[in-house]
Amino acid sequence: MAEGGHQLADKTEFTECWRRTTESPYIMRLALSAGLGGLLFGYDTGVISGALLYIRDDFEQVDKQTWLQETIVSTAVAGAIIGAAFGGYMNDKMGRKKTILMADIVFMLGAIVMAIAPAPWVIIVGRILVGLGVGVASMTSPLYISEASPAKIRGAMVSTNGLLITGGQFLSYLINLAFTKAPGTWRWMLGVAALPALLQFVLMLSLPESPRWLYRQGKEDETKVILSKILRPDEVEDEMKAMHDSIESEKAEEGLIGHSLGQKLKSVWSNDVVRRGLYAGVTVQVVQQFVGINTVMYYSPTIVQFAGIASNSTALALSLVTSGLNAVGTILSMILIDRFGRRKLMLISLIGIFASLVVLSVTFNQAAHHAPAIDKLDSLSFSGNSTCKAYISAPNPSSWNCMQCLHEECGFCANSKSEFLPGACLAGEKIVKGMCGAQKRVWFSQGCPSKIGFLAVVILGVYIIAYAPGIGTVPWVLNSEIYPLRFRGLGGGIAAVFNWCANLIVSQSFLSMIKALGTSGTFLLFAGFSLIGFVAIYSLVPETKGLQFEEVEKLLQKGFRPFPFNSKKEDVKGKGKEEMNDLP
């Protein structure tokens, strides 16, 4: 998962979860109904990658203007930033249930607008609307599940939201593949997103509001009725008392911090513990995005085409590998995070990411150097002004190959006998593409024919497996436990905004970087970012595995210094046990 946070559960929580949900299926109904927000989140992340291939085919200005492709993709992220910013206010004022219902309405409206869009700018409007819905859902769905679950299985129940995010991404690729031959292709791909939003809207109408929110509104009787459906009879009174104590504590802490945003931010910056927590929390969120994950999730089929696979349907089918492995990686994280620890898992993850990105860069570099040559006679054999103008005016056209042709925004019409033999460099026009296809030849506009193209897809899979269990999921867990209680919502919110903003920067600039640096250079740049991220996390992020919140606060109060900068071992727990935070 690239965006949205959820706290993962350990093995004992899953065992208890199975027992409790068997006793009371109503609990799972709550979690799955609210977790459909995660499904929407994942679906929107993945669906645009396939739809973009066909939007380019329908709108020539989109195919020719890289910035327009980037805008169609990234405006949903911009909408999500706004949605996340207002989501907290909506949750406090309207309640969790009404906020989810509002998010569903906005998401459905956005999906319908995209499906009927007559022009690219209308698609962009629809993308902004679904982004608003995603931004609200990304923080509200886990919150609702958390507050409507028994404490002992809360982590396991919230994990359903994370699984549905990766499940939604996988589903989006299946839907994309299903509609590749249907009239309207991308309209169906984007419009189908309205169905799960409609399903969640209907399901949520029959579900209660969050008991915690109701209790805070003074509706104690209503709260007790809901808790009786969720908890065992002997647990209801204890939960009511715990809720009372917790909410009273929160109100007291709010009084200390102040109510205005300015007062809260001032308190954050002046507090050593929170400031150091933010150094760690923001660092991991930004690193998560700058290793390039959302270039893979948003542009996966396009990257497959960069590897030399021209068919849209084949590119979509191979993209299933990335989304499937991402879901597998999320499950692996649940197994490994409490065994290896947060810090170590992220550092190991970044080593794997760096290695796979370097190999991916070398693979694309070799593919570019061994691209098929341009046949001059073949290029001039097409009628009219079909030949690429830059090729005609080039001082040394005999040295051109397919990659140089594509770099000039022209198209490569492959040899009819073999894609790897010299072919024609033609103008990148839709009508010329049709002329190439009429001769039963393959048209390449994103990448060149390559015998090692499938190797790039394999390495992309290795990258996902390295990413998902570590830097893909751990940042959200770390941000849920590294801040003191009274600053946890604000600190996590600040870190989440940095995550969405970094997401926007990467998704908006990816195709432009490809154009400026080439595919090989772009992935090498991401490898460099992953190396910088490794150093930053090693230097700033302590290990929080197995520590109580008070112990984390004590650790940050002293200040974290990794090996070899720490002068001596610290005894965090005060029981003679050596502090191991200096180890990767």
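Provided above is the structure to which this section pertains.
A few words now on the state of the cysteines. Counting across every chain of the model gives four disulfides. Put simply, Cys388 and Cys410 are joined by a disulfide, and their sulfur atoms are 2.1 Å apart. Residues Cys388 and Cys410 share a disulfide whose torsion about the S-S bond is about 60°; that sign makes it right-handed. With Cys388 in the loop between helix H18 (376-380) and helix H19 (389-393) and Cys410 in the loop between helix H20 (402-407) and strand E1 (411-413), this pair connects stretches of sequence that are 22 residues apart. Accessibility assignment for this pair places Cys388 and Cys410 in one class, buried. The disulfide that involves Cys402 links it to Cys448, with 2.0 Å between the sulfurs. Torsion about the S-S bond of the Cys402 and Cys448 cystine: about -95°, corresponding to left-handed handedness.

Here we take up the sheet that holds E1. Paired through their backbone hydrogen bonds, the strands of a sheet run either parallel or antiparallel. Within the open sheet, the three strands sit side by side as E2-E1-E3. Their pairing is antiparallel. Both outer strands of the open sheet, strand E2 (424-426) and strand E3 (443-444), are each paired with one neighbouring strand and no more. Pairing of E1 with E2 involves three bridges; the strand directions are antiparallel. Among the inter-strand pairings, Phe412 is bridged to a residue of E2, identified as Cys425.

Attention shifts here to a nonpolar patch on the surface. Taken together, Leu163, Val328, Ile331, Leu332, Ile335 and Ile465 make up a surface patch of nonpolar side chains, about 450 Å² in accessible area. Here the nonpolar patch takes four residues from helix H16 (residues 312-340), the largest share from any one element. Relative to the assigned elements, Ile465 resides in helix H22 (residues 453-467). The exposure class of Ile465 is partly exposed, given its relative accessible area of 34%.

Turning our attention to the environment of Asp63. Inspection of the secondary structure assignment puts Asp63 in helix H3 (residues 60-64). Between the alpha carbons of Asp63 and Ser445 there is a distance of 9.6 Å; along the sequence they are 382 residues apart.

On to the pattern of salt bridges, then. Here the structure, examined in full by the defined rule, presents six salt bridges. A salt bridge links Arg56 to Asp63; the nearest nitrogen and oxygen atoms lie 3.5 Å apart. Residue class for Arg56 comes out buried when judged on its relative accessible area of 5%. The partner of Asp378 in a salt bridge is Arg441, and the shortest N-O contact between them spans 2.5 Å. With Asp378 in helix H18 and Arg441 in the loop between helix H21 (430-438) and E3, the pair connects residues that are 63 residues apart, well separated along the chain.

Looking now at the packing of aromatic side chains. Applying the stated criterion to the full structure yields twelve aromatic pairs. For the ring pair Phe179 and Trp188, a centre distance of 5.6 Å and an interplane angle of 5° mean the geometry is stacked. A relative accessible area of 48% places Trp188 in the partly exposed class. Each member of the aromatic cluster is reached from another via a ring pair, and the members are Phe290, Phe364, Phe510, Phe523, Phe526 and Phe529. If you follow Arg343 out to its NZ or CZ, it ends over the ring of Tyr538, 4.7 Å from the centre. When the ring centre of Phe420 is taken as origin, the NZ or CZ atom of Lys451, which lies over that ring, is 5.5 Å away.

So, how was this worked out
- Residues numbered from 1 in each chain as written.
- Predicted model: local features only at pLDDT ≥ 70, side-chain atom pairs only at ≥ 80, totals over all residues.
- Heavy atoms only, no water.
- Disulfide = S-S within 2.5 Å.
- Helix = DSSP H or I, 4+ residues; strand = E, 2+ residues; numbered from the N terminus.
- Buried < 20%, exposed > 50% of the residue type's maximum accessible area, 1.4 Å probe, protein only.
- Pairing = 2+ DSSP bridges.
- Patch = residues over 30% accessible without salt bridge, like charges linked within 9 Å, V, L, I, M, F, W, Y side chains within 5 Å.
- Areas by Shrake-Rupley, 256 points an atom, 1.4 Å probe, with all protein chains shown as cover.
- Salt bridge = Lys/Arg side-chain N within 4 Å of Asp/Glu carboxyl O.
- Phe/Tyr/Trp six-rings, centres within 6.5 Å; stacked < 30°, edge-to-face > 60°.
- Lys NZ or Arg CZ within 6 Å of the ring centre and 35° of its normal.

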